[in-house]
Amino acid sequence: MWPWIRHGINYQTGDWKLLIGMTLFEPCLYFVFEAQAIRFTSAGQAGMITSMLPLMVAVAAYFLLQERNTLRQWAGLFIAVIGVVWMTLSGTESEQAPNPVLGNLLEFGAMVMAVGYTLLIKHLIQRYSAFVLTALQSFVGTFFFCRWHWLQVGQPRFPSTLLAVLFI
């Protein structure tokens with residue numbers, strides 16, 4: 001795979017910061033927020049918040065990348081935010097959602113991580129191949145989550161999470 005990797009890199013000074021940010025946003029922090037959110041809210045409510053991602057990216061790109069948005073996009077974001085706030089405040093505790101407000105806030109945090117990732121990818125894909133960026137995410141994610149797993153359950157004699165990644 002070295003030929004694919006070698007030709008897919010056009011490193012420029014300071015890119016290491018963007019690459020670290022990309023891998024921290026996704027897979028690391030995104031999945032930490034997502035996994036914790038599902039513990040406290042229902043899958044339906046989490047799905048509603050996730051559906052705001054394209055609108056959140058459009059707004060962030062407007063402010064950070066000076067991309068233009070239409071009035072329809074702004075209206076869509078406004079309606080989506082009102083809907084999510086209403087759903088969160090009217091959410092009741094249940095067996096599937098023991099703390100919907102906390103779960104929805106954590107899910108929103110996951111979407112903020114996804115927005116950061118998306119904006120960084122828009123920039124990095126101009127200099128790095130999708131293969132290189134995906135490989136970097138896989139590499140960093142493997143070590144991040146293996147370490148996270150080991151902190152939770154103690155280091156196993158043979159890391160089962162590493163076996164799962166190698167199998168894929």
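On a predicted model such as this, the values are computed, not experimentally measured, just so you know. (Residues numbered from 1 in each chain as written. Predicted model: local features only at pLDDT ≥ 70, side-chain atom pairs only at ≥ 80, totals over all residues. Heavy atoms only, no water.)

## Here we look at the packing of helix α3 (residues 43-50) against helix α6 (residues 100-124)
Now for step 1: The N-to-C vectors of α3 and α6 enclose an angle of 35°; their axes lie 9 Å apart at closest approach. Like other packed secondary-structure pairs, α3 and α6 cross with a definite hand, here right-handed. Facing Q45, A46, I49 and T50 of α3, the residues of α6 in contact are P100, N104, E107, F108 and M111.
Now for step 2: Among the residues making up the contact of α3 with α6, the classes are represented as five nonpolar, three polar and one charged. (Axes fitted to C-alpha atoms, helices over the stretch in contact; angles between N-to-C directions. Helix = DSSP H or I, 4+ residues; strand = E, 2+ residues; numbered from the N terminus. Left-handed = near helix turned anticlockwise from the far one by under 90°. Contact = heavy atoms within 4.5 Å. Nonpolar A, V, L, I, M, F, W, Y, C, P; charged D, E, K, R; others polar.)

## A few points about the nonpolar core
Now for step 1: Residues Y30, I49, M52, M56, M111, V115 and L119 are the most contacted members of the largest nonpolar core, which totals 16 residues.
Now for step 2: Listing elements by their share of this core, those giving two or more residues are α4 (53-65), α5 (71-90) and α6.
Now for step 3: Residue contributions to this core peak at six residues, all from α6.
Now for step 4: Discounting residues that sit within four places of it in the chain, Y30 has contacts with L24, F25, A110, M111, M113 and A114.
Now for step 5: Grouped together as the second largest cluster of nonpolar side chains are nine residues, M22, L120, Y128 and V132 included. (Core = buried A, V, L, I, M, F, W, Y, C linked by side-chain atoms within 4.5 Å. Buried < 20%, exposed > 50% of the residue type's maximum accessible area, 1.4 Å probe, protein only.)

## Some remarks on the environment of G83
Now for step 1: Within the secondary structure layout, G83 lies in helix α5.
Now for step 2: On a C-alpha basis, the gap between G83 and M48 in space is 8.7 Å, while along the polypeptide they are 35 residues apart.

## Regarding the packing of aromatic side chains
Now for step 1: Following the criterion strictly, the structure yields six aromatic pairs and no others.
Now for step 2: Taking 5.0 Å as the distance between ring centres and 85° as the angle between the ring planes, the aromatic pair formed by Y62 and F63 counts as edge-to-face.
Now for step 3: Assessed through its relative accessible area of 26%, Y62 is described here as partly exposed.
Now for step 4: Among the aromatic residues, those joined into a cluster by ring pairs are Y62, F63 and W74. (Phe/Tyr/Trp six-rings, centres within 6.5 Å; stacked < 30°, edge-to-face > 60°.)

## Let's talk about the side chain of T41
Now for step 1: Tracing the backbone shows T41 in the loop between α2 (15-40) and α3.
Now for step 2: Among the polar contacts made by the side chain of T41, one reaches the side chain of N104 at a distance of 2.8 Å.
Now for step 3: If we skip the residues at most four places from it in the chain, T41 touches A46, Q96, A97, P100, G103 and N104. (Polar contact = N/O pair within 3.5 Å; in protein donor to acceptor, adjacent residues only side chain to side chain.)

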